[in-house]
Amino acid sequence: MLEIERVLLSEKEIADRVRELGNQITEDYQHLAVKIGDAPNILAIGVLKGVVPFYADLCRAIALPLAFDFISVSSYGQATSSSGTVRILKDLDVPLEEYHVLMIEDIIDTGLTLTYLKENILRRNPLSFKIATLLDKPDRREVPITADYNGFVISDFFVVGYGLDCMECCRNLPYIAAVRTI
């Protein structure tokens, strides 16, 4: 059973920051984007499942044509800490050679999963590659990796809400909260 200790980021704080990130990404990518109506050359890749709310809100905040795809990996299973072993559960549906890839992740924790994904994606030769993350926990980092677009830096709390879960619980909360198990 979980107990919410405190709300770290309110629904409004998240919405405001996502809009800021969308504006920044729009500005940075506008010279790369094709006209609306043409096939997009920017591919937003969401890392399932926790990214879904952030992915949807961020993509709507980017004022450029985007193609969508998703990848699903497992490094946690039913645990609350990463095992360090990454398995691809659902791979991408499109080749990447014609896309500027924007990988969208919910949280960077140890960095092991994102490092694995970055190396995997770069081997597929995209036109460019950048990372956007909602949350960053640098105190937990085991490998050096940073996001190009970062929503919030947080301390080493176990968090749920806005897509983040503990054993599939609490993903639908509109805010992000620190929790403890009881």
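Residues numbered from 1 in each chain as written. Predicted model: local features only at pLDDT ≥ 70, side-chain atom pairs only at ≥ 80, totals over all residues. Heavy atoms only, no water.

In this structure, what is going on with helix H1 (residues 11–29)? I would like to understand it.
Note on helix geometry: an α-helix contains 3.6 residues per turn, so any two residues three or four positions apart are oriented the same way. The end-to-end C-alpha distance of H1, which contains 19 residues, comes to 27 Å, matching closely the 27 Å that a straight helix rising 1.5 Å per residue would cover. All of the buried residues along H1 are Ile-14, Arg-17, Val-18, Leu-21, Gly-22, Ile-25, Thr-26 and Tyr-29. (Helix = DSSP H or I, 4+ residues; strand = E, 2+ residues; numbered from the N terminus. Expected span 1.5 Å × (residues − 1). Buried < 20%, exposed > 50% of the residue type's maximum accessible area, 1.4 Å probe, protein only.)

Where do I start with the pattern of salt bridges in this structure?
Where side chains of opposite charge bring their charged atoms close, a pairing between them can arise. What the rule picks out here adds up to 16 salt bridges. A salt bridge links Lys-12 to Asp-16; the nearest nitrogen and oxygen atoms lie 2.6 Å apart. Pair noted here: Lys-12 and Asp-16 are both in helix H1, with a separation of four residues, about one helical turn. Classification of Asp-16 by relative accessible area gives partly exposed; the value is 24%. A salt bridge links Asp-93 to Lys-90, with the shortest nitrogen-to-oxygen separation between them at 3.4 Å. Through salt bridges that share partners, Lys-49, Asp-165, Glu-168 and Arg-171 make up one connected network. (Salt bridge = Lys/Arg side-chain N within 4 Å of Asp/Glu carboxyl O.)

Please clarify how the environment of Lys-12 should be interpreted in this entry.
On the accessibility criterion, Lys-12 (57% relative accessible area) is exposed. On a C-alpha basis, the gap between Lys-12 and Pro-174 in space is 9.2 Å, while along the polypeptide they are 162 residues apart. For Lys-12, the side chain forms a polar contact with the side chain of Asp-16, separated by 2.6 Å. (Polar contact = N/O pair within 3.5 Å; in protein donor to acceptor, adjacent residues only side chain to side chain.)

For this particular structure, what's the right way to read the sheet that holds strand E6 (residues 128–136)?
Either a parallel or an antiparallel arrangement is found when strands of a sheet pair, and the pairing is made through backbone hydrogen bonds. As summarised here, the arrangement of the six strands in space is E4-E3-E2-E5-E6-E7, forming an open sheet in which the pairing is mixed. In this open sheet, the two strands that pair with only one neighbour each are strand E4 (87–90) and strand E7 (149–153). Taking each pair of neighbouring strands and ignoring which way they run, the sheet shows an average axis angle of 25°. In terms of strand pairing, strand E3 (residues 67–74) meets E4 through three bridges, oriented antiparallel. Note on E4: the bridge partner recorded for Val-73 is Ile-88. Taken strand by strand, helix H3 (residues 112–122) contacts strand E2 (42–48), E3, E4, strand E5 (100–108) and E6, and its axis lies near 170° from that of E5. (Pairing = 2+ DSSP bridges. Axes fitted to C-alpha atoms, helices over the stretch in contact; angles between N-to-C directions. Contact = heavy atoms within 4.5 Å.)

Got a minute to help me understand the pairing of strand E9 (residues 176–181) in this structure?
Along a regular strand, successive side chains alternate from one face of the sheet to the other. Relative to E9, strand E1 (residues 2–9) is paired through six bridges, and the arrangement is antiparallel. In the strand pairing of E9, Ile-4 is matched with Val-179. Here strand E8 (residues 159–160) runs beside E9; their pairing, made up of two bridges, is antiparallel. By the bridge assignment for E9, Val-159 is matched with Ala-178.

Just checking my understanding: could you explain the side chain of Glu-105 for this structure?
The topology assignment puts Glu-105 in strand E5. Here Glu-105 is in contact with Val-47, Val-51, Phe-54, Leu-114, Ala-132, Thr-133 and Leu-134, once residues within four sequence places are set aside.

How should the sheet that holds E1 be read in this particular structure?
Overall, antiparallel pairing links the three strands, which are arranged E1-E9-E8 in an open sheet. The open sheet has two edge strands, E1 and E8, and neither has a second partner.

It is not clear to me how the packing of aromatic side chains should be interpreted in this structure. Could you clarify?
Aromatic rings in a pair are described by how distant their centres are and how their planes are angled relative to each other. Applying the stated criterion to the full structure yields two aromatic pairs. Pairing Tyr-55 with Phe-68 gives two aromatic rings, centres 5.3 Å apart and planes at 80°, and the pair type is edge-to-face. Within this pair, whereas Tyr-55 is found in helix H2 (residues 52–61), its partner Phe-68 is found in strand E3, the two being separated by 13 residues in sequence. Judged by its relative accessible area of 3%, Tyr-55 falls in the buried class. (Phe/Tyr/Trp six-rings, centres within 6.5 Å; stacked < 30°, edge-to-face > 60°.)

Hey, could you run me through the nonpolar core in this one?
In this structure, Phe-54, Leu-58, Ile-104, Leu-135 and Ile-176 are the most contacted members of the largest nonpolar core, which totals 31 residues. The set of elements that each furnish at least two residues to this core consists of E1, H1, E2, H2, E5, E6, E7 and E9. Per-element accounting of this core gives the leading share, five residues, to H1. Setting aside anything within four residues of it in sequence, one finds Ile-176 in contact with Val-7, Leu-8, Leu-9, Ile-14, Leu-134, Leu-135, Val-159, Val-160, Gly-161, Tyr-162 and Leu-164. (Core = buried A, V, L, I, M, F, W, Y, C linked by side-chain atoms within 4.5 Å.)

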